[in-house]
Amino acid sequence: MNAELTVEALDFDATLTALREAAEQAGGYVSSTYLEGEADSGSRYAHYEFRIPAEQYSTFLTAADGAGNVTQKSERSEERRVGKE
């Protein structure tokens, strides 16, 4: 499964820390990061890609939902074909 969340936060740094900690607690890690904006500008953005074990997917999403105000959420699955080719 893959999920994409858009999260608004009053405390940018604390929210990013909470997301990273949620990934670690779920046995996952940050696989890529993109940050934009300056602390003084009032508008900062982060794009994180997390790798989370499948069995901890729901646990991580629950923790991520609590890290800030989730304004958008989408999920998709990737089908894997098993068998002879």
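This structure is a prediction, so every number in the text was calculated from the model and none was measured. (Residues numbered from 1 in each chain as written. Predicted model: local features only at pLDDT ≥ 70, side-chain atom pairs only at ≥ 80, totals over all residues. Heavy atoms only, no water.)

Visitor: What am I meant to see in the environment of tyrosine 57 here?
Guide: Looking at where tyrosine 57 falls in the secondary structure, it is placed in helix 2 (residues 57-65). Look at tyrosine 57 and you get buried, because its relative accessible area is 15%. Sequence-wise, tyrosine 57 and methionine 1 are 56 residues apart; in three dimensions their C-alpha atoms are separated by 7.8 Å. Here tyrosine 57 is in contact with Met1, Asn2, Ala3, Ile52 and Glu75, once residues within four sequence places are set aside. (Helix = DSSP H or I, 4+ residues; strand = E, 2+ residues; numbered from the N terminus. Buried < 20%, exposed > 50% of the residue type's maximum accessible area, 1.4 Å probe, protein only. Contact = heavy atoms within 4.5 Å.)

Visitor: It is not clear to me how the nonpolar core should be interpreted in this structure. Could you clarify?
Guide: Nonpolar side chains tend to gather and get buried jointly when the protein is soluble and globular. Judged by nonpolar contacts, the single largest core of 13 residues is most densely connected at Leu19, Phe50 and Phe60. Of all the elements, helix 1 (residues 12-25) adds the most residues to this core, at 5 residues. When near neighbours in sequence (up to four residues on either side) are disregarded, phenylalanine 50 contacts Leu19, Arg20, Ala23, Tyr29, Val30, Ser31 and Phe60. (Core = buried A, V, L, I, M, F, W, Y, C linked by side-chain atoms within 4.5 Å.)

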